[in-house]
Amino acid sequence: MPRGFYDRSTEIVAQELLGKALLRKNGNHWMGGWIVETEAYLSSDDPSSHSHRGPTRSNASMFDHAGTLYVYPIHAKYCLNAVTEQKGKGSAVLIRAIEPVWGIERMIARRGLTDRRRLTRGPAMLCQALDVDRGLDGADLVGGSEITITGGQSSPEMTSSCRIGISRAQDLPLRFFIDGNWFVSGRSSDHRRRPCKPIRRS
DNA sequence: ACAACGATACCCT
DNA sequence: GGGTATCGTTGTT
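Residues numbered from 1 in each chain as written. Chains lettered and ligands numbered in written order. Predicted model: local features only at pLDDT ≥ 70, side-chain atom pairs only at ≥ 80, totals over all residues. Heavy atoms only, no water.

A. Geometry of the overall build of chain A. Counting its regular elements, chain A contains 4 helices and 8 strands. N-terminal to C-terminal, the α/β element order of chain A is α-α-β-β-β-β-β-α-α-β-β-β. The C-alpha radius of gyration computed for chain A amounts to 16 Å, which stays within 12% of the reference 17 Å derived for 202 residues, consistent with globular compactness. Dimensions of chain A, computed from C-alpha atoms along their principal axes, come out at roughly 50 × 35 × 35 Å. Residues counted as buried form 49% of the 202 residues belonging to chain A. (Helix = DSSP H or I, 4+ residues; strand = E, 2+ residues; numbered from the N terminus. Rg over C-alpha atoms; globule rule 2.2 N^0.38 Å. Buried < 20%, exposed > 50% of the residue type's maximum accessible area, 1.4 Å probe, protein only.)

This is the structure:
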């Protein structure tokens, strides 16, 4: 996708990434699949965003220009984001799940399991399957030679819910996924629109 | 130098 | 629905 695709409202980018192809170079071939689940992390008023306390050494790429890849470590694993909006804003879209399509055998080998549903069904699982770690942090997704996102399926049926695994700003409906897709993470009860938890008062 | 904390995933009931 | 392994980052001595 061109730079301008990412240089827009983070919530719009998160929704429009659904159905696009996430591709990772593997030798002379590409592996990857359709993006089926995303979450928006905003530049302001979003205490669960890594950018909330301003730039640091580790989140620097989140403040780079739109279309930059932001890879961060968590619980000895990695997750990947596409940076959105203008340089310096600190907003991004977390890609939480893809539907595996290309290079499935290679992904099976990297994950060490054969169940296709479990190959890339979660942000850390898809990073392991696609051989993404901090070495790719800061890469450019626009015309990227190692990892990129291209056009794909047209207007999939999308729905939203609250985000997964966070302790703050749980009321914001910033998770987007393709309705009914088998490769969306979480429980099936989360695969439906439902009210988000209210912010807990202290 | 050290302790606490996750945008997780796996295993259990 | 809950407990926890595991480790980079950050904030605190």
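B. Spotlight on the pattern of salt bridges. Considering all chains together, one arrives at 10 salt bridges under this definition. The salt bridge involving D131 is made with R110; its shortest N-O contact spans 3.4 Å. Here R110 lies in helix α3 (residues 104–111) and D131 lies in the loop between α4 (123–129) and β6 (147–150), a separation of 21 residues in the sequence. The salt bridge involving R134 is made with D137; its shortest N-O contact spans 3.5 Å. Salt bridges sharing partners connect three or more residues here, namely R24, R110, D131 and E146. (Salt bridge = Lys/Arg side-chain N within 4 Å of Asp/Glu carboxyl O.)

C. Layout of the environment of R111. Residue position: R111 is located in helix α3. Sequence-distant contacts of R111, that is, excluding residues within four places in its chain, are made with R118, L119, M125, Q128 and A129. In terms of polar contacts, R111 uses its side chain to reach the side chain of Q128, at 2.6 Å. (Contact = heavy atoms within 4.5 Å. Polar contact = N/O pair within 3.5 Å; in protein donor to acceptor, adjacent residues only side chain to side chain.)

D. Highlighting unusual backbone geometry. Phi at H75 is positive, roughly 45°, even though this residue is not glycine. Looking at the secondary structure, you find H75 in the loop between β3 (69–74) and β4 (77–84). For E85, which is not glycine, the phi dihedral falls at a positive 60°.

E. The arrangement of the environment of G67 in detail. Examined against the element boundaries, G67 turns out to sit in the loop between β2 (29–41) and β3. When the C-alpha atoms of G67 and P2 are compared, they prove to be 8.1 Å apart, with 65 residues separating the residues in sequence.

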